[in-house]
Amino acid sequence: MSSENDIHMPNTVEEPSASLGKPDSCSTHNGSGTSFKENADSVSPVADKQKHGKFGGKVSKRGRQDFRKVRSETQNKRQKTERVKGNDQNDTTAANDVSDNNDDEQRRPKRKVACLIGYCGTGYHGMQINPPHKTIEGDIFTAFVQAGAVSKDNSQDPKKSSFMRAARTDKGVHAAGNVISLKMIIEDEDITEKINSFLPPTIRLWGITRTTKGFECRKHCDSRIYEYLIPSYSFLPPKPGSSLANLIVKADNEHPGIMLPDEDEEGAIFWSNVAEEVRNADIDEAKIQEAISSLPTEETESQRLPEEIFSQQKQLKSIENSHRRAYRISEKRLNRVRDALKLYQGAHNFHNFTIGKDYNDPSARRFMKSLVASDPKIINGMEWISIKIHGQSFMLHQIRKMIGLVALIIRSGTPLNRLTEVFQNVKVNIPKAPALGLLLERPVYDNFNVRLNKFGREAVDFSSYNDEIEKFKMQHIYDKIYNEEAQENTFFGFFGFLDNFKGDMSIFDYLTARGISADGHEKDEYVKKVRQEEMEELEDDNEG
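Residues numbered from 1 in each chain as written. Predicted model: local features only at pLDDT ≥ 70, side-chain atom pairs only at ≥ 80, totals over all residues. Heavy atoms only, no water.

### Description of the side chain of Asn154
Move 1: As for its position among the elements, Asn154 is in the loop between α5 (136-146) and β2 (164-165).
Move 2: The residues contacting Asn154, other than those within four sequence positions of it, are Lys110, Phe141, Lys160 and Ser161. (Helix = DSSP H or I, 4+ residues; strand = E, 2+ residues; numbered from the N terminus. Contact = heavy atoms within 4.5 Å.)

### Focus on helix α16 (residues 490-499)
Move 1: For α16, every residue scored as buried is listed here: Phe491, Phe494, Phe495, Gly496, Leu498 and Asp499.
Move 2: Looking at the buried positions of α16, the neighbouring elements they touch are β5 (223-231), α7 (243-254), β9 (382-391), α12 (398-412) and α15 (466-488). (Buried < 20%, exposed > 50% of the residue type's maximum accessible area, 1.4 Å probe, protein only.)

### Concerning unusual backbone geometry
Move 1: Along the chain, Pro131 connects to Pro132 via a cis peptide bond; the corresponding omega equals 5°.
Move 2: Mapping Pro132 onto the fold places it in the loop between β1 (111-119) and α5.
Move 3: The backbone phi angle of Asp282 is positive, close to 55°, even though this residue is not glycine.
Move 4: Structurally, Asp282 can be placed in the loop between α8 (265-280) and α9 (285-293).
Move 5: Residue classification places Asp282 among the exposed residues on the basis of a relative accessible area of 63%.
Move 6: Backbone geometry places His397, a non-glycine residue, at a positive phi of 70°.
Move 7: Tracing the sequence through the fold places His397 in the loop between β9 and α12.
Move 8: Taking relative accessible area as the criterion, His397 reaches 4% and is therefore assigned buried.

### A closer look at the pattern of salt bridges
Two side chains of opposite charge can pair, provided their charged atoms sit close to one another.
Move 1: All told, the structure shown has 18 salt bridges when counted by the stated rule.
Move 2: Notably, a salt bridge pairs Glu187 with Arg108, separated by 3.0 Å at the nearest N-O pair. Taken together, the residues span a long stretch of sequence, with Glu187 in the loop between β3 (174-184) and α6 (191-197) and Arg108 in the loop between α4 (100-107) and β1 at a distance of 79 residues.
Move 3: On the basis of relative accessible area, Arg108 is assigned to the partly exposed category, the value being 23%. (Salt bridge = Lys/Arg side-chain N within 4 Å of Asp/Glu carboxyl O.)

### Let's talk about α12
Move 1: Here α12 spans 21 Å end to end across 15 residues, near enough to the 21 Å set by a 1.5 Å rise per residue.
Move 2: Of all 15 residues making up α12, 15 are buried, and the element is well covered by its neighbours.
Move 3: Phi turns positive, to about 70°, at Gly413, one or two residues after α12. (Expected span 1.5 Å × (residues − 1).)

### Quick word on the packing of aromatic side chains
Move 1: Counted according to the given criterion, the structure contains 20 aromatic pairs.
Move 2: Look at Phe350 and Phe353: their rings are 5.3 Å apart centre to centre, the planes differ by 65°, and that puts the pair in the edge-to-face class. You'll find Phe350 and Phe353 in the same group, each marked buried.
Move 3: On the numbers, 5.9 Å between centres and 85° between planes, the contact of Phe501 with Phe508 is edge-to-face.
Move 4: Residue classification places Phe501 among the buried positions, given a relative accessible area of 7%.
Move 5: Taking the relative accessible area as the measure of exposure, Phe508 reaches 2% and is therefore buried.
Move 6: The ring of Tyr233 has Arg324 lying over it, and the distance from NZ or CZ to the ring centre is 5.6 Å.
Move 7: Its end group placed over the ring of Phe492, Arg324 keeps NZ or CZ at 3.4 Å from the ring centre. (Phe/Tyr/Trp six-rings, centres within 6.5 Å; stacked < 30°, edge-to-face > 60°. Lys NZ or Arg CZ within 6 Å of the ring centre and 35° of its normal.)

Here it is in structure tokens:
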């Protein structure tokens, strides 16, 4: 492609390009036909250089500008080179003052790894680093630095080490297995033991697995398995005379034949036995409720009941608690729980099971692989059921709302197909079950492990640590769940609050014979308050 200096003008010599830096051997005469040699004596050296350039030949104004530009750039490069040499000398002098430990640390190689961890979430504000709150990741990353697995240069910013988690857990949620991927210094043979020495007993590093450089524990995770522990009494129907029980009866009278009355026979017997013991203890339950309702709503917890009423209320709670702990779910009722859980399997729109998403949001569609309820197990005199949820991915609060809806449907005698209607373009307020019973069992990397096998690397898998994990679960997770429920009655408090809800009960119409409202409006100020609290929790947890 020709430049401006390459254009041939009449009676002029073709000029060399300043960028090429060589004469044109074909140009021997000037415009008048006189040779350059003949004119050499009549032109001063300076004028000749300005006129003809370094290599001879007539130079146009544009050519002189290009030449000056090249000369200026050359001078600038020379000056820059001299400055760099000077800086290098200064840097070399400064580097000699750095300690040998820092030199060794900088030279130590970093490898991409998968860290297999487990933890009890009690006392932590979730998994993800979220200053100034105390988090699982915060303690783990600090231990990495203290053990020398992360350099001091990268100690202030986990992102510098490509730090990433496979699954974020909410505040108070536990994990028997989770995975963190990062670039780590793993030269020390006892690096796992060193890291664990800087961690509390409630957080454990099970092992470290070398991976490929491109490994991202969240991106390459095929699926995740969660476990939810729930007392079997959670599936009992609401107490007769409670707000929810009255709503169910009223709606059933309006639309008879829709609910499942046979399912309530087991619950009816349970509450009948409770009522009989209350009568035998000469407890006036109606008088207790009247005294409680007379207290200002906003000050109920801080107000004192008359001593006689308070004593009877305490005795009433003790009787109900003892019956709940002694309850054993029937096979028929347990099978109904299992049938309800199976309706979650497959791909569905879970927009009602989280916050901040509507029906048309593509990210609300999730795939559940399996949901399995175990046989009941007696722990400290109370019956528990373990529910394993295996899905590709989950949204904020999704599992707790899934469990909450199943429990409410079983408790209310609601037809099971009501659950599938919640996947449609309707708005339903689903309370989330307590965080107490939820734990992350483990992420799954089946597909990625096939690739690791080709490189001769170990799989990212927890099976080698099963014995340690089971021991940890019993000591630091299961026991905490069982003991907290025994002391705090967390599940009873949750379902008792719903049963005796004092706001607009129409928000629970979807559990009754009335079904899901066509307009799907959230009709009560309570729901708006709950939504606001959930949004604040979402901001605190910083879930992506």
